[in-house]
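A closer look at the structure
Here is how the chains run, residue by residue.
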Amino acid sequence: MPPETKIESIVIGSHQKCHIFCVVPTLGMVPIEFVVGFGRMQMPINGQVFQHIIKGFEVGAARNKAVTDVLSIAKPDRPDWLFFLGDDMIPPWDGFVKLYEETVKNRWDCLTGLYYWKGEPPTPLTWRDDHIGRLIPGVHFTVGDAIYVDLTGLDFTLIRVSLLEEMEAPYFKTGPSLRADMPQAVEKYIDKSNSGIVMHTEDTWFYGRAKKLGAKIGVHTGVRVAHFDVRSGCIY
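If you're wondering where the values come from, they're calculated on a predicted model, not measured in any experiment.

1. Some words on the pattern of salt bridges
Inspection of the entire model under this criterion finds ten salt bridges. Two residues, Asp-94 and Lys-98, come together in a salt bridge whose shortest N-O distance is 3.3 Å. Given the relative accessible area of 36%, Lys-98 is considered partly exposed. Ionic pairing is found between Asp-109 and Arg-160, a salt bridge with its closest N-O pair at 3.3 Å. Of the two residues, Asp-109 is situated in the loop between helix H3 (95-106) and strand S5 (110-114) and Arg-160 in strand S9 (residues 156-160); the sequence distance between them amounts to 51 residues. Here the two residues Asp-109 and Arg-160 agree in accessibility, since each one is buried. Each member of the salt-bridge network shares a partner with another, and the members are Arg-63, Asp-155 and Glu-202.

This is the structure in structure tokens:
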């Protein structure tokens, strides 16, 4: 560059604080399909996103570390949102932007893209306490809508950090745990000495605690995320 060249200062979006804390929990190697999908995934314009890889932890422990890390940031600089992306997910390029816009517009505390459990038959991760069975498109919801749920997954999920600030650790926990709500209809038939232990995934623990705080939990059925099975090559 010639020495007489004049360089002017300019202020761009980087003057803003980080407002999205994007976390990928992983045990290590990830499929190329995830790498390509993650690389194409767009973030909101003029936003600051911190990408955080947590490697080698059990998934519940990894998510707890993510919360501890984000809450360790001083309040004035703390991101508003925590976003979890599973390392076996293949997101659409505009999936996160749609998820973010819906979350902000309708003030969701936890909002997840629509994806399926890896198994037969493939089952959408959309559960309601008052409904037996899966929620069926065209019957229980219109595809494209954001719908309320009581339980869903955490692998394409945006969480309001202010909700996490109200919780106590552990925020996520993979079972076993002691069951505190044995159904009354079967309680008298149960040997409580050895039947109060239940196995559960870390999402069950988290959403149960979030509901107690009155959190608004949902799934955006217009954001469909592929769930990749590395062993079989199947996409659910």
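The discussion continues.
2. Section: the packing of aromatic side chains
The relative placement of two aromatic rings is captured by the distance of their centres and the angle of their planes. By the definition in use, this model includes nine aromatic pairs. Ring centres 5.4 Å apart and planes at 25° place the aromatic pair Phe-21 and Phe-50 in the stacked group. Of this pair, Phe-21 sits in strand S1 (residues 20-26) while Phe-50 sits in strand S2 (residues 49-55), and the two are 29 residues apart along the sequence. On the basis of relative accessible area, Phe-50 is assigned to the partly exposed category, the value being 40%.

3. Re the pairing of S1
The buried fraction of S1 amounts to seven of the seven residues, a majority that puts the element mostly inside the structure. Residues Ile-20, Cys-22, Val-24 and Thr-26 line one face of S1 and the alternating positions Phe-21, Val-23 and Pro-25 line the opposite face, and both faces are buried. In terms of strand pairing, S1 meets S2 through seven bridges, oriented parallel. Looking at S2, one finds that Val-23 is bridged to His-52. One crossover worth recording links S1 to the parallel S2 by way of helix H1 (residues 32-40), and it is right-handed. Two strands pair when backbone bridges link them, and S1 and strand S3 (residues 81-85) are joined in this way by four bridges, in the parallel orientation.

Quick notes on the rules
- Residues numbered from 1 in each chain as written.
- Predicted model: local features only at pLDDT ≥ 70, side-chain atom pairs only at ≥ 80, totals over all residues.
- Heavy atoms only, no water.
- Salt bridge = Lys/Arg side-chain N within 4 Å of Asp/Glu carboxyl O.
- Buried < 20%, exposed > 50% of the residue type's maximum accessible area, 1.4 Å probe, protein only.
- Helix = DSSP H or I, 4+ residues; strand = E, 2+ residues; numbered from the N terminus.
- Phe/Tyr/Trp six-rings, centres within 6.5 Å; stacked < 30°, edge-to-face > 60°.
- Pairing = 2+ DSSP bridges.
- Right-handed = clockwise from strand over helix to strand, strands pointing away.

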